[in-house]
Amino acid sequence: MLSLRRGRVTAIRERVEGLVRLDVDGVDCVAYPSLTGPVALEDEVLVNVQARELGLGSGGFDVLYANLTRGLELVPEEGAHVMALPYTPLQHARVHVEEAGEPTAELAGMPVVCCSLHSQVAPACAALGGLRVAYVQLAGGALPVSLSDTVRLLKERGLVAKTAAVAPCFDADVQCVSVASALGWARGEHDVAVCSIGPGIVGTGTRFGHGGLAAAEAANAALALGGVPVVAARVSGADERARHRGVSHHTDAVLALVRGEPVLADSPAEAWREACKELPLSHMGRGPDDDPEFFAAAFAAGLAARALAE
């Protein structure tokens, strides 16, 4: 069941592309204007409080569900007919890439970096500087691409050219029904695609019960379309959980589901520190000095993709 409460906007703390950080009755909240409309001080709103009340590590804030002051009777996106988040209370029409025609079904050897964690995206993209990179977000973590400050910064720095959201994700430069279509779209104007789940991850501790398996979906689609998947290994020398020490069981599970031979780049790449020094590097609260193996492995995946693209 939804856990909703009524409140009033008491502070606007930050407005960035696609996202507003605010307080509702003094409690941290985020809003997605493309979904619920604009928001301003003193607006009467409904917020979803469930993640915060459950104490989830990556959900320690409320999410604006509806703006009762200025968010009613909003018009749909012009020309949109395909629903995002269909048959849920948040269903809304968005223009999808597939509505404009058939994306290419031939990747012609384009490398596709397949990340199982969002924190791998920055180091992987840092290794691809100078190439035209498409970021493709898959389900398994946060669904709104606009939640990612990392992706926003990578676009500002020119390390990501454009973004695609694969359903049920949303709020990217383009919306796609499937990962295969998203990769076909990426092939049209980009040298490399980097696929990942959004911030946060669905996890249960079981072999196949985690959001990182989206990397296998991306790898299989790349193989089927004639691309070259490069799996970014999740590696750690600092994680307290044995299943994530060394090469994580998440990476083993991804590889078990890939129906072909992806490139697995997990060797240390010493150049990562210089290339990533001005990027936000954080994984499970650990920075580059706390768990260097993690960031080096993700950077190595980007280097492997770079070699394939060049």
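As a reminder, the structure under discussion sits directly above these lines.
Residues numbered from 1 in each chain as written. Predicted model: local features only at pLDDT ≥ 70, side-chain atom pairs only at ≥ 80, totals over all residues. Heavy atoms only, no water.

**Q** Describe the nonpolar core, listing the residues and the values that go with them.
**A** Among the nonpolar cores identified, the biggest contains 38 residues, and Val113, Cys125, Leu128, Leu154, Val194 and Leu279 are the most heavily contacted of them. When residues of this core are traced back to their parent elements, those giving at least two are helix 3 (121-126), strand 9 (133-138), helix 4 (149-156), strand 12 (192-197), strand 13 (228-232) and helix 9 (292-309). Residue contributions to this core peak at eight residues, all from helix 9. Sequence-distant contacts of Cys125, defined by excluding residues within four places in its chain, comprise Val133, Leu154, Leu159, Val160 and Val194. Membership of the second largest hydrophobic core comes to 33 residues, among which are Ala134, Ala182, Ala253 and Val254. (Core = buried A, V, L, I, M, F, W, Y, C linked by side-chain atoms within 4.5 Å. Buried < 20%, exposed > 50% of the residue type's maximum accessible area, 1.4 Å probe, protein only. Helix = DSSP H or I, 4+ residues; strand = E, 2+ residues; numbered from the N terminus. Contact = heavy atoms within 4.5 Å.)

**Q** Just give me the short version of the state of the cysteines, but keep the residues and values in it.
**A** In this structure the tally under the stated criterion is zero disulfides. Considering cysteine sulfurs only, Cys195 is the nearest to Cys114, which forms no disulfide, with 5.6 Å between them. Classification of Cys114 by relative accessible area gives buried; the value is 0%. (Disulfide = S-S within 2.5 Å.)

**Q** Give a detailed account of helix 9, specifying residues and quantitative values.
**A** Over its 18 residues, helix 9 runs 26 Å from end to end, which matches the ideal 26 Å to within 8%, given 1.5 Å per residue. Turning to helix 9, its buried residues number three or more, namely Phe294, Phe295, Ala296, Ala297, Ala298, Phe299, Ala300, Ala301, Gly302, Ala304 and Ala305. (Expected span 1.5 Å × (residues − 1).)

**Q** Go over the packing of aromatic side chains with me, naming the residues and quoting the values.
**A** Here the distance between the centres and the angle between the planes together describe a pair of aromatic rings. Tallying each qualifying case throughout the model produces three aromatic pairs. Ring centres 6.3 Å apart and planes at 80° place the aromatic pair Tyr32 and Phe170 in the edge-to-face group. Here Phe170 lies in the loop between strand 10 (162-166) and strand 11 (174-176) and Tyr32 lies in the loop between strand 3 (27-31) and helix 1 (33-36), a separation of 138 residues in the sequence. Judged by relative accessible area, which is 4%, Phe170 ranks as buried. Ring centres 6.2 Å apart and planes at 25° place the aromatic pair Trp272 and Phe295 in the stacked group. With a gap of 23 residues between them, Trp272 in helix 8 (residues 272-275) and Phe295 in helix 9 connect regions that are remote in the sequence. Across the pair, Phe295 and Trp272 agree in class, each one buried. Among the aromatic residues, those joined into a ring-pair cluster are Trp272, Phe294 and Phe295. (Phe/Tyr/Trp six-rings, centres within 6.5 Å; stacked < 30°, edge-to-face > 60°.)

**Q** Outline the sheet that holds strand 16 (residues 263-265), supporting the account with residue identities and numerical values.
**A** The seven strands are arranged 11-10-9-12-8-13-16 in an open sheet whose pairing can be described as parallel. Edge positions in the sheet fall to strand 11 and strand 16, since each has one partner strand and no second. Mean inter-strand twist for the sheet, computed between neighbouring axes without regard to direction, equals 25°. Pairing of strand 9 with strand 12, which is carried by six bridges, proceeds in the parallel orientation. Paired with Val136 across the strands is Cys195, a residue of strand 12. Seen against the sheet, helix 9 touches strand 8 (111-114), strand 12, strand 13 and strand 16 and runs at an angle of roughly 165° to strand 13. (Pairing = 2+ DSSP bridges. Axes fitted to C-alpha atoms, helices over the stretch in contact; angles between N-to-C directions.)

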